[in-house]
Amino acid sequence: MDKADKIIVLVEDDPIITAALTERLSEAGYSITAFATADQALQDLDKLAPQLIITDVRLPGTDGIDFLKQLKQRDQSISVIVMTGYATVSDAVAAMKLGAADYLPKPVSAEELLVKIERLFELLQLRADRDRLQQDAERRFALGNVIGRSRKMREIFEAVNLVKDLSTTVLIKGPTGSGKELLARAIHFQSVRRALPFVPVSCVALSPQLLESELFGHERGAFTGAYRRKIGRFEAAADGTLFLDDVDDIPLELQTKLLRVLQERKMLRVGGESEIDVHCRIICACKADLQQLVDAGRFRADLFFRMNVIRIELPPLAQRKEDIPLLTDHFVAHYAARQKKAPPKLDPEALHYLIEYDWPGNVRQLENVIEASVAFCSAGRLTVAHLPPEITHRPPAKGLFSLNLPARGTVDISGLTDAVQAELIRWALRLADGSQSKAAKLLNLPRTTLQSKMRKLGLAD
Ligand SMILES: Nc1ncnc2c1ncn2[C@@H]1O[C@H](COP(=O)(O)OP(=O)(O)OP(=O)(O)O)[C@@H](O)[C@H]1O
Ligand SMILES: [Mg+2]
């Protein structure tokens, strides 16, 4: 930021001090506007939008301390330097308590003020840089509440950012606990529809009749027990998003009706006669490979094609182990806050077990494990002892490596050593959360050697 873009407001009722400070600060390159009272300054603040306000305490009308209070109420982040009479230490204390960035005893030396201003702007710049970096990192490794840094997850975030505002149907495929519903919510809440309804409906374990009336609603008297009209989920979603969960379980007879909705964007309530327009965006989720269900005659091919327009596949957690450290940190912080504890420090060995485990229940299982471990841990550390046995009990290792070599034939020793080295480097990078210098330490190698090995083995990005 150029100095001239740094706007300072000075509030001082003594014209001689005002003239002296204004001259010196303008000379130093700042844009400075002076007011004789706080009330006048308050009127013009929105227009001026200063980054810094320097105010005297003793002022006619609103005094400097009240002025500071009002400023902080308008905008917590505004920087204020207060000039206090030299005998009034209590003013300085009050000002600092109210959030002043600094204070200066009077008579104010312009040089001293300049030093303080420069330091303050440096600090503001550092803070802005840090916030920007943090936001960039967050944007790269998260989409709403969905966290991930693996290449696969980053590709998903990019894809979602491209399609979130469209009305095209999305199909999310993934095993249990992989984050399908969380992703569907993120798509909705990151999109232009965020203020409109998000309506989830599970297609599992409902009889075809129940599911039909759940989705499309029914008219009064449509069937025994239909005492009053019911609005279905499609209508409830209005212009928002309908999340059709577990579409693999939709009974065949209902698939035909659903196809009509997806094709023509019109539906009938059960027992109803007038057609109703469907406006919502539809996000479907499935666990099974729908193509296989189609081949097996359990899913209509035409419905599959209608659903499968934008397809997002969430891989099992075991196929994106790079996400485990980030997810673990996130859940540790989350559950520590929930349990009103300071977040415990995760032992590297505990993390090692978490990374090595296969997670059949995917992210949900990791989340549950962390929730329990945080509850069990004390003394601010989360260690292997706090992890459940299924994660720490592994088949006993037969030495560091076990060789599985053919009884006859040749073995390419250099190819095999390369494979072992690549495996070790991947292990270290996972454990080091992608940091090459930490991974090099784990492998007891200089970082440059690790890097050249990575290039040689084709592991560098
Ligand atoms: N990438 C992620 N970042 C943060 N939390 C996640 C992530 N993926 C999943 N979770 C958490 O894991 C749990 C399970 O996620 P979710 O319910 O979305 O999975 P699902 O795929 O719908 O599972 P199911 O098929 O069993 O219904 C939730 O508590 C969710 O918040
Ligand atoms: Mg789900």
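K.L.:
What's the story with the overall build of the protein in this structure? I'm lost.
P.N.:
Across its full length, the protein holds 19 helices and 18 strands. Taking 2.2 N^0.38 as the reference for a compact globule, 461 residues should give roughly 23 Å; the C-alpha atoms of the protein span a radius of gyration of 32 Å, well beyond that estimate. When its C-alpha atoms are laid out on the principal axes, the protein stretches across 90 × 75 × 40 Å. Here the protein, with 461 residues, has 29% of them falling under the buried criterion. Here the contacts in the protein between residues at least 6 apart in sequence split such that 67% fall between residues at least 24 apart.

K.L.:
What is the right way to read the pairing of strand E2 (residues 31-35) from this model?
P.N.:
Strand residues, when the strand is regular, have side chains that alternate between the two faces of the sheet. Of the strand pairs in this sheet, strand E1 (residues 7-11) and E2 are connected by five bridges, and their pairing is parallel. Counterpart to Ile7 in the pairing with E2 is Ser31.

K.L.:
Is there a simple way to think about the sheet that holds strand E15 (residues 281-286) in this case?
P.N.:
Strand pairing within a sheet occurs via backbone hydrogen bonds; the two strands may be parallel or antiparallel. On the basis of which strands lie adjacent, the open sheet formed by five strands has the order E9-E12-E15-E8-E16 and parallel pairing. Single-partner strands in this sheet number two, and they are strand E9 (198-202) and strand E16 (310-313). Averaged over neighbouring strand pairs, the angle between their axes works out to 20 degrees when direction is ignored. Docked against the sheet, helix H7 (residues 180-189) engages strand E8 (170-173), E9, strand E12 (241-245) and E15, running at close to 165 degrees with respect to E15.

K.L.:
Where do I start with the sheet that holds strand E4 (residues 79-84) in this structure?
P.N.:
With parallel pairing, five strands are arranged side by side in an open sheet as E2-E1-E3-E4-E5. The sheet is open, and its two borders are formed by E2 and strand E5 (102-105), each paired with just one other strand. The average undirected angle you get between the axes of adjacent strands in this sheet is 20 degrees. Sheet contacts for helix H1 (residues 15-27): E1 and E2; angle to E2, the most-contacted strand, approximately 170 degrees. Where helix H3 (residues 64-74) meets the sheet, it contacts E1, strand E3 (52-56) and E4, and its direction lies at approximately 155 degrees from that of E3.

K.L.:
Where do I start with the site of ligand 1 in this structure?
P.N.:
Neighbouring ligand 1 are 17 residues, the closest being Gly179, Lys180, Glu181, Leu182 and Val363. Elements represented by at least two residues in the shell around ligand 1 include exactly strand E7 (146-147), H7 and helix H15 (362-376). Its residues placed into classes, the shell around ligand 1 shows five nonpolar, seven polar and five charged. Viewed by domain, the shell around ligand 1 spans two of them, domain 2 (146-315) and domain 3 (318-392), each represented by three or more residues.

K.L.:
What exactly am I supposed to notice about the pairing of E8 here?
P.N.:
Alternating positions in E8 separate into two faces, Val170 and Ile172 on one and Leu171 and Lys173 on the other, with burial throughout. Sheet analysis places E8 next to E15, joined by four bridges and oriented parallel. Bridging across to E15, Leu171 finds its partner in Cys284. Sheet analysis places E8 next to E16, joined by four bridges and oriented parallel. When the bridges of E16 are listed, Ile172 appears paired with Ile312.

Thresholds, definitions, all that
- Numbering of residues starts from 1 in each chain and follows the order in which that chain's sequence is written.
- Whichever chain is written first is A, and whichever ligand is written first is 1; the rest continue in order.
- Local features in this predicted model are restricted to residues whose pLDDT is 70 or higher, and side-chain atom pairs enter the listing and the counts only when it is 80 or higher, whereas totals over whole chains, interfaces and linings include all residues.
- Put simply, DSSP H or I for four residues or longer makes a helix, DSSP E for two residues or longer makes a strand, and each gets a number counted from the N terminus.
- Only the C-alpha atoms count toward the radius of gyration. The rule for a globule is 2.2 Å times the residue count to the power 0.38.
- The burial label depends on the number of other C-beta atoms within 10 Å of a residue's C-beta. Counts of 20 or more mean buried, 12 or fewer mean exposed, and intermediate counts mean partly exposed, with C-beta atoms placed from the backbone.
- What counts as a contact here is a pair of residues whose C-beta atoms, placed from the backbone, lie within 7 Å.
- Whether two strands pair depends on DSSP finding at least two bridges between them.
- For helices, the fitted line uses only the C-alpha atoms of the stretch in contact; every axis is such a line through C-alpha atoms, and the angle between N-to-C directions lies from 0 to 180 degrees.
- Only the C-beta atom matters for nearness: placed from the backbone, it must lie within 6 Å of the molecule or strand for the residue to count as near.
- Only Asp, Glu, Lys and Arg are considered charged, only Ala, Val, Leu, Ile, Met, Phe, Trp, Tyr, Cys and Pro nonpolar, and every remaining residue, Gly among them, polar.
- Domain limits in this description derive from either an automatic procedure or a database domain assignment.

Any functional reading would require information that these geometric values do not contain.
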